[in-house]
Amino acid sequence: NPQTGDVYAMGVYPSFNLNDRAGVSIDRFRNPLVESVYEMGSIMKPLTMAAGIDAGVVSPSTRYTDTGCIEKSGKKVCNYDFKARGVVPMQEVLNQSLNTGVSFVADKMGHGVFVRYMRGYKLGEKTGIDVPGEVAGDISALDYAADVDVASASFGQGVAVSTVEMIRALSALAGGGKLPSTHVVKA
């Protein structure tokens, strides 16, 4: 529930039978939703876009010229399909999942503002969920961010967070801008 942080269910596959643990390694007992971090990829794009809108640097009517690939810190950053789309409005950045589009948004914000929003979503921090073994994500690439680090982070690469961290951050978008405290409901 994005307003309250209530988690109604968590599921992990593959499963195992607690009554028959023969041949099951201890790793199978881990809950990767709270005990593992991942480069989440494109699911980060709505967070970047919302930050840009909130910071006042883009609006739904803002357009940019998509060339398919851009250069950041001497490295090539491209859309997933390497294709250019021409002049594109911000909604299409999300609809078409354009890496260069969210990089444009992050550039418009500037490094400091972009990083402030990512920390404001509390990425890289434990959520405090009442499930054992929670780990914090790693967004340390943003500490001394080169242009390529910010561009990559804007579309969810180069930074790693837990699933529950990402769910909490996305809840802020659905919950009126408030970041909820996550907890598993009892009933």
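Positions within a chain are numbered from 1, following the residues in the order the chain's sequence is written. Predicted model: local features are reported for residues with pLDDT of at least 70 only, side-chain atom pairs are reported and counted for 80 or more only, and whole-chain, interface and lining totals are derived from all residues. Side-chain figures throughout are based on the complete set of non-hydrogen atoms in the structure, without hydrogens or water.

A few points about the packing of helix H2 (residues 45–54) against helix H5 (residues 111–120)
Link 1 in the chain: Direction vectors running N to C along H2 and H5 enclose 120°, while the axes themselves pass 10 Å from each other. Compared by their axis directions, H2 and H5 come out oblique. In this structure, the crossing between H2 and H5 has a hand that is right-handed. Of H5, the residues touching H2 (which contributes Leu-47, Thr-48, Ala-51 and Asp-54) are Phe-114, Tyr-117 and Met-118.
Link 2 in the chain: In this classification, the charged set is Asp, Glu, Lys and Arg, the nonpolar set is Ala, Val, Leu, Ile, Met, Phe, Trp, Tyr, Cys and Pro, and all remaining amino acids, among them Gly, are polar. Residue composition of the contact of H2 with H5, by class: five nonpolar, one polar and one charged. Geometry is summarised by axes, namely lines fitted to C-alpha atoms with helices restricted to the contacting stretch, and by angles between N-to-C directions that run from 0 to 180 degrees. Helix and strand labels come from DSSP, where a helix needs a run of H or I of at least four residues and a strand needs a run of E of at least two; each type is numbered from the N terminus. For classification purposes, angles smaller than 35 degrees are called roughly parallel, those larger than 145 roughly antiparallel, those between 65 and 115 roughly perpendicular, and all remaining angles oblique. If you view the pair so one helix is near and one far, a crossing is left-handed when the near helix is turned anticlockwise from the far one by less than a right angle, and right-handed when it is turned clockwise. In what follows, residue pairs with any heavy atoms lying within 4.5 Å of each other are defined as contacts.

As for the nonpolar core
Link 1 in the chain: In terms of nonpolar packing, the biggest core is built from 33 residues, with Val-93, Phe-114, Met-118, Leu-123 and Leu-142 touching the most fellow members.
Link 2 in the chain: Among the secondary structure elements, those contributing two or more residues to this core are H2, helix H3 (90–95), helix H4 (99–109), H5, helix H6 (147–154) and helix H7 (163–174).
Link 3 in the chain: Residues contacting Val-93, with those up to four places away along its chain left out, are Met-49, Tyr-64, Val-88, Leu-98, Gly-101 and Val-102.
Link 4 in the chain: Remark: nonpolar core denotes a set of buried residues (Ala, Val, Leu, Ile, Met, Phe, Trp, Tyr, Cys) joined through side-chain atoms within 4.5 Å. Think of it in three bands: with a 1.4 Å probe and only protein chains considered, a residue is buried below 20% of the maximum accessible area for its type, exposed above 50%, and partly exposed in between. Val-7, Ile-129, Val-131 and Val-164 belong to the second-largest nonpolar core, a separate cluster that totals five residues.

Notes on the state of the cysteines
Link 1 in the chain: In this description, the term disulfide denotes a pair of cysteine sulfurs within 2.5 Å. As enumerated under the stated definition, the model contains one disulfide in all.
Link 2 in the chain: Each sulfur of the disulfide joining Cys-69 and Cys-78 lies 2.1 Å from the other. Between Cys-69 and Cys-78, the S-S torsion sits near 110°, and that sign places the bridge as right-handed. Here Cys-69 and Cys-78 have matching classes, each one buried.

Quick notes on the environment of Ser-181
Link 1 in the chain: Inspection of the secondary structure puts Ser-181 in the loop between H7 and strand S6 (183–184).
Link 2 in the chain: Relative accessible area serves as the criterion here: at 54%, Ser-181 is assigned to the exposed category.
Link 3 in the chain: When the C-alpha positions of Ser-181 and Phe-155 are compared, they lie 25 Å apart, and in sequence the two are 26 residues distant.
Link 4 in the chain: The residues touching Ser-181, leaving out its near neighbours within four places in the chain, are Thr-4 and Gly-5.

Quick look at the pairing of strand S2 (residues 63–66)
Link 1 in the chain: Alternating positions in S2 separate cleanly, Tyr-64 and Asp-66 being buried on one face and Arg-63 and Thr-65 remaining unburied on the opposite face.
Link 2 in the chain: Where S2 meets strand S5 (residues 86–89), four bridges bridge the pair, whose relative direction is antiparallel. Residue pairing in the sheet places Thr-65 in a bridge with Val-87 of S5. One bridge is not enough; two strands pair if DSSP finds at least two bridges between them.

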